[in-house]
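Each chain, letter by letter, is given below.
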Amino acid sequence: MASVTAEDIQSELDTFNIAFNSDTVDKMLEQCLCHRLKGDEIVFEWFAFSTSKNQLLLTLDNLDQFEHEILNKKKKSKGSSKGSQLNKTRDINSIQELIRAEEEEENLLDSYSTPAKGSQKRALTTPEHPQSKRGVARLASPSLMLSPASFSPSATPSQKYGMRGGRGEVVSSFGTVQGPRWTGKGQTSVRVEMLGGGDNSLISSYKYMFQRLRDVRDVLTEKIEELGEELRSHFNIEEFSPVSLPVQDSITVLGQVCCDSNGKLNAQSVLLEAGQEQGGRQVPVDLSELQEFSLFPGQVVVMDGMNTSGEKFVATKLYEGIPLPFYCPSEVKQEMDEVSEPMMVMMACGPYTPSESLTYDPLIDLITIINKDRPDVCILFGPFVDSKHEQIEKNQVTETFQSIFKRCVDSIVEGTKGSGCRLVFVPSQRDVNHHYIYPQPPFNLTNLSKDDTARVTLASDPCTLLIGNVTFGLTSTDILFHMGAEEISSGTGTERFSRIMKHMLTQRSYYPLYPPVEEVNMDYEKFQQFSQMNLTPDILIVPSELRYFIKDVIGCVCVNPGRLTKGQVGGTYGRLLVQPNPVLVDGKRVSPCIAGQVVKI
């Protein structure tokens, strides 16, 4: 087929008097290359599609819809016609039978060949001379274990993922940009443990789906009182006044921010709900006197102001929250000369498949990177089997969800064994094979060998880990997205991500939003026990759908590594160089994070 150019497409569009711009032409050119169409063919298809949709305009969004509804279906129908003579579903058993039949055929041919010829067919492989794809397919490699045909008969490798650009491009940096070598030593000697042991960590599943409203109220009230007492002692406040008490003088009140309706919070809908000791009333708050503020539903705040009528509190001052202290082990290195070698920590968040296919190509690429860079620790966040994937939602798979998950984890563990990397698995609310509750218990992997168990850590969501005497706060729940949709601010002079991270640290919680979004099923008894911060972590990792970043927020290095796939194309992962064992310089704490990067897969 002759190559298609943008001029061909523009000429055809002009023929039909269809308005276009450079972006839409580039998009159509990309679709021509992906679906092997000529310029006139794609314009004919678009004209028919647009006419059926009441003269739909040519925009990028409409082109995405066009590709989903027309082009992808045409590709599937072509594929099905080619394989119609087989007329059967190729599940994993049929794939293995085909491989065995092919091997028998080659063995038969080998019996007629000379020894020299036969020996050439089984040449040794090295990194410089890799084995052919056909030969690799027969090995028990991550590629075969994660073969799309194993899970879904209609799965084909993602063309958009395969055609992605910018592989290995650094898109966000932090700390020492020049100099550091982004390779670890694969140190299995690096200790990875839950901070505080089993009492303060969620290490097994629990019974849920039963909680009384009274228990939820008690948890929220206790949170208000605990944070209020910390603020009262820090700012030397004598006492808190009831927020609904009509007085002519300025008073200091304590309460939790909430909204006056089910809609989104705004400056006119803010209510302050007092704790039980202050009467438990809800009173509207006037924010017009505040020069700057940043508020979200569920936030515990202390305010100065007046309530002359008892019906509305006019706030004049908003006290800033206080974070917890950092972790300080009993043995602290005092001299910079005694500093040990930095460790490399890599992190990635699912989904590990493109949105239109159940191929785990991005995960296989990540395993290749782990083996090349040999990080000391790799933290992998779910979802591993994404409940939002189209083929999972429609149940177009030939195995159980648990079976797919087991094969996925086995591939990671086996594929990284040679690197010596410590692995940490964190579940997600979107893991279709796991408990759909927050806080979320860790995965249960009973089939790991003794050696694998020693280097695999199964963590809960959320959790605080101690890695080489450096504390890591981890959560796979998209708190950035949830709080970003609810937070309101004025005059703060800081960008949104920093404000949200600061709220998490000063509210001392991995999920300070109340009420939670609809998709988060909160168990408040376990939330109080396992989802509060006992200290400010040195590094806080919060994967999100929102834009990736690495930044320092009040001394804590906050990282959003992004997701490994974004729709049909590749996403990003993160890597950090961390100084194990805290170092004091002139008696002051120094952040253990030397450098950080977010990199395209």
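All of the points below concern the structure found in this document. From a predicted model like this one, the values you see are computed outputs, not experimental measurements. (Residues numbered from 1 in each chain as written. Predicted model: local features only at pLDDT ≥ 70, side-chain atom pairs only at ≥ 80, totals over all residues. Heavy atoms only, no water.)

Some details on the packing of aromatic side chains
The geometry of an aromatic ring pair comes down to the distance between the two centres and the angle between the two planes.
So, point 1. Within this structure, the stated rule accounts for 16 aromatic pairs.
So, point 2. Residues Phe497 and Phe549 carry aromatic rings whose centres are separated by 5.0 Å and whose planes lie at 25° to one another, so their mutual orientation is stacked. You can see Phe497 sitting in helix α17 (residues 496-507) and its partner Phe549 sitting in strand β17 (residues 549-553), a full 52 residues away along the chain. When sorted by exposure, Phe497 lands in the same class as Phe549, which is buried.
So, point 3. Arranged with centres 5.7 Å apart and planes meeting at 70°, the rings of Tyr524 and Phe527 form a pair that is edge-to-face. Taken together, the residues Tyr524 and Phe527, both in helix α18 (residues 524-530) and three residues apart, mark about one turn of the helix.
So, point 4. What makes Tyr524 buried here is its relative accessible area of 6%.
So, point 5. Among the residues examined, Phe527 registers a relative accessible area of 4% and is labelled buried.
So, point 6. By way of ring pairs, the aromatic residues Tyr352, Phe384, Phe405, Phe425 and Phe443 are connected into one cluster. (Phe/Tyr/Trp six-rings, centres within 6.5 Å; stacked < 30°, edge-to-face > 60°. Helix = DSSP H or I, 4+ residues; strand = E, 2+ residues; numbered from the N terminus. Buried < 20%, exposed > 50% of the residue type's maximum accessible area, 1.4 Å probe, protein only.)

Some thoughts on unusual backbone geometry
So, point 1. Between Gly350 and the following residue, Pro351, the backbone shows a cis peptide bond with an omega angle of 10°.
So, point 2. Along the chain, Pro351 turns up in the loop between β9 (343-349) and α12 (361-373).
So, point 3. Each neighbour pair has its own omega, and for Tyr514 with Pro515 the value is -5°, a cis peptide bond.
So, point 4. On the secondary structure map, Pro515 appears in the loop between α17 and α18.
So, point 5. The phi dihedral of Gln55 falls on the positive side, at around 55°, and the residue is not glycine.
So, point 6. By the secondary structure assignment, Gln55 is in the loop between α3 (39-52) and α4 (60-82).

Describing the nonpolar core
So, point 1. Membership of the largest hydrophobic core comes to 38 residues, with the highest contact counts inside it found for Leu366, Leu380, Phe384, Ile412, Phe425 and Tyr573.
So, point 2. Those elements giving two or more residues to this core turn out to be β9, α12, β10 (377-381), α14 (401-415), β11 (422-426), β21 (572-578) and β24 (593-600).
So, point 3. Ranked by the residues each element gives to this core, the list is headed by α14, at six residues.
So, point 4. Once residues lying within four places of it in the same chain are set aside, the contact partners of Leu380 are Ala348, Tyr352, Leu366, Ile412, Val424, Phe425 and Val426.
So, point 5. Phe174, Ala459, Val559 and Cys593 belong to the second-largest nonpolar core, a separate cluster that totals 30 residues. (Core = buried A, V, L, I, M, F, W, Y, C linked by side-chain atoms within 4.5 Å. Contact = heavy atoms within 4.5 Å.)

Brief notes about the sheet that holds strand β7 (residues 300-307)
So, point 1. As summarised here, the arrangement of the five strands in space is β3-β4-β5-β8-β7, forming a closed barrel in which the pairing is mixed. Neighbour-to-neighbour, the strand axes of the sheet open up by a mean angle of 55°, direction not taken into account.
So, point 2. The pairing of strand β3 (residues 247-259) with strand β4 (residues 270-273) spans four bridges and is antiparallel. By the bridge assignment, Gln256 is partnered in β4 with Glu273.
So, point 3. Helix-sheet contacts for helix α11 (residues 213-234) involve β3, β4 and β7, and the interaxial angle to β3 is about 135°. (Pairing = 2+ DSSP bridges. Axes fitted to C-alpha atoms, helices over the stretch in contact; angles between N-to-C directions.)

Some points on the pairing of β10
So, point 1. Burial analysis of β10 places five of its five residues in the buried class, which makes it a mostly covered element.
So, point 2. Along β10, one buried face is formed by Val377, Ile379 and Phe381 and the opposite face, lined by Cys378 and Leu380, is buried too.
So, point 3. Pairing geometry for β9 and β10, over five bridges, is parallel. Directly across from Met346, in β10, lies its bridge partner Cys378.
So, point 4. For the segment spanning β9, α12 and β10, crossover handedness is right-handed.
So, point 5. Taken together, the five bridges between β10 and β11 define a ladder with parallel strand orientation. Looking across to β11, one finds that Leu380 is bridged to Phe425. (Right-handed = clockwise from strand over helix to strand, strands pointing away.)

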